Amino acid sequence: ENLDLFARMRAGEFEDGARTLRAKIDMGAANMNMRDPTIYRIRRRPHYRRRDAWVIYPTYDFTHPLSDAFEGITHSLCTLEFEDHRPLYDWYLGALEFDDPPQQIEFARLSLTHTVLSKRKLLELVTSEAVNGWDDPRMPPLSGMRRRGYPPAAVREFCDRIGIAKANRGITNLADVIVFSPPPSRRRWSPDTMSPVTRPASAHAYLTQRAARPTYR
């Protein structure tokens, strides 16, 4: 009966939300993610590659471990909000009997204060043309940081100094970590080589411009 219903879901016989395919685990589990979670649901939305070929789509929790296993991933590094999802990740891999299953490990998310990090919100900025593409100097991706003037060595210094944590924390910005007292071996940057800057119209404009830029000495 379940296979028949799933085939009919695939054939598009049911409306959106009328049926779902769920894993039989434990409805009494303390972890809500293990309470017979949804695997497939009906959603009539065009896929960016398959267009209208499919009307059912798998959930992220189902595709995550399978994609890792199929692609030969050994360690799946996630942020801490996925810690409660790890038992389900392991359950799927065990139920499908993969010989060498991947391992999920969670680490703290790097949160830069006063910086938009959400990919959805950044995409909205790009698509609405509020910024000049992903490499706009105001954008936080590496391409934007490069145009803003951060050299690769500065970004590597930033990563070296903050390290990896298992507890969430916030860091004001990249300059706060690497500007003050950098090691002598890393003191290779000068303000003039950071980024192309237009000539300020006045002394006040110059000071304002300099205050907004990280300096390396």
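This one's a predicted model, so the numbers in the text were calculated from it and none came from an experiment.

**Q** Please explain the overall build of the protein as it appears in this structure.
**A** Along its length, the protein carries eight helices and seven strands. Here the protein holds 217 residues, and the buried ones make up 29% of them. When contacts within the protein are restricted to residue pairs at least 6 apart in sequence, those whose partners lie at least 24 apart make up 50%. Total accessible area computed for the protein in this model is approximately 15,000 Å², and 53% of it derives from carbon and sulfur atoms.

**Q** Can you help me understand the packing of aromatic side chains in this one?
**A** Geometrically, a pair of aromatic rings is defined through the distance of the ring centres and the angle of the planes. The tally for this structure, following the rule as stated, stands at six aromatic pairs. Between the aromatic rings of Tyr-60 and Phe-82, the centroid separation amounts to 5.8 Å while the plane-to-plane angle is 45°, which identifies the pairing as tilted. Residue Tyr-60 is located in helix 2 (residues 60-70), and its partner Phe-82 is located in the loop between strand 4 (75-79) and helix 3 (86-95); the two are separated by 22 residues in the primary sequence. These aromatic residues form a ring-pair network of at least three members: Phe-6, Tyr-40, Phe-62, Trp-91 and Tyr-92. Positioned above the aromatic ring of Phe-14 is the side chain of Arg-19, whose terminal nitrogen or guanidinium carbon lies 4.7 Å from the ring centre. Its end group placed over the ring of Phe-107, Lys-166 keeps NZ or CZ at 5.4 Å from the ring centre.

**Q** Sorry, what's going on with the sheet that holds strand 2 (residues 38-42) here?
**A** Where strands meet in a sheet, backbone hydrogen bonds hold them as pairs that are either parallel or antiparallel. Here three strands make up an open sheet; going across it, the order is 1-2-3 and the pairing antiparallel. Sheet topology places strand 1 (20-22) and strand 3 (56-58) at the edges, where each strand pairs with a single neighbour. Pairs of neighbouring strands in the sheet enclose a mean axial angle of 15°, with direction left out of account. Pairing analysis gives three bridges linking strand 1 to strand 2, with the strands arranged antiparallel. Among the inter-strand pairings, Arg-22 is bridged to a residue of strand 2, identified as Thr-38.

**Q** Looking at this structure, I do not really get the side chain of Asp-68. What am I missing?
**A** Mapped onto the elements of the fold, Asp-68 is located in helix 2. Here Tyr-89 takes part through its side chain, which lies 2.8 Å from a polar atom of the side chain of Asp-68. When neighbours within four sequence positions are excluded, Asp-68 is seen to be in contact with Ile-73, Ser-76, Tyr-89 and Pro-102.

**Q** Is there a simple way to think about the pairing of strand 2 in this case?
**A** The side chains of a regular strand alternate, residue by residue, between the two faces of the sheet. Sheet analysis places strand 2 next to strand 3, joined by three bridges and oriented antiparallel. In the strand pairing of strand 3, Ile-42 is matched with Ile-56.

**Q** What is the right way to look at the confidence of the model for the protein in this model?
**A** A low pLDDT score tells you not to read the predicted coordinates there in detail. Across the protein, the average pLDDT comes to 81, with 78% of residues at 70 or higher. For the protein, the element scoring lowest by mean pLDDT is helix 8 (residues 203-211), at 53; helix 3 scores highest, at 96. A low-confidence stretch, residues 180-200 (pLDDT under 50), is modelled with 40 contacts involving residues beyond four sequence positions or located in other chains.

**Q** I'm lost on the pairing of strand 4 in this one. Help?
**A** Strand direction decides the pairing type here: strand 4 and strand 5 (residues 103-107), joined by five bridges, are parallel. Residue pairing for strand 5: His-75 is matched across the bridge by Gln-103. Between strand 4 and its parallel partner strand 5, the chain crosses via helix 3, and the hand of that crossover is right-handed.

**Q** Just to check I follow, could you spell out unusual backbone geometry for this structure?
**A** Residues apart from glycine generally show negative phi values, whereas peptide bonds are mostly found in trans. For Asp-36, which is not a glycine, the phi torsion comes out positive at approximately 45°. Here Asp-36 lies in the loop between strand 1 and strand 2. The class of Asp-36 is buried, set by a relative accessible area of 18%. Unlike most non-glycine residues, Glu-129 shows phi in positive territory, near 60°. Tracing the backbone through its elements, the reader meets Glu-129 in the loop between helix 4 (119-127) and helix 5 (142-148).

Rules of the game
- Residues numbered from 1 in each chain as written.
- Predicted model: local features only at pLDDT ≥ 70, side-chain atom pairs only at ≥ 80, totals over all residues.
- Heavy atoms only, no water.
- Helix = DSSP H or I, 4+ residues; strand = E, 2+ residues; numbered from the N terminus.
- Buried < 20%, exposed > 50% of the residue type's maximum accessible area, 1.4 Å probe, protein only.
- Contact = heavy atoms within 4.5 Å.
- Areas by Shrake-Rupley, 256 points an atom, 1.4 Å probe, with all protein chains shown as cover.
- Phe/Tyr/Trp six-rings, centres within 6.5 Å; stacked < 30°, edge-to-face > 60°.
- Lys NZ or Arg CZ within 6 Å of the ring centre and 35° of its normal.
- Pairing = 2+ DSSP bridges.
- Axes fitted to C-alpha atoms, helices over the stretch in contact; angles between N-to-C directions.
- Polar contact = N/O pair within 3.5 Å; in protein donor to acceptor, adjacent residues only side chain to side chain.
- pLDDT = per-residue confidence, 0-100.
- Right-handed = clockwise from strand over helix to strand, strands pointing away.

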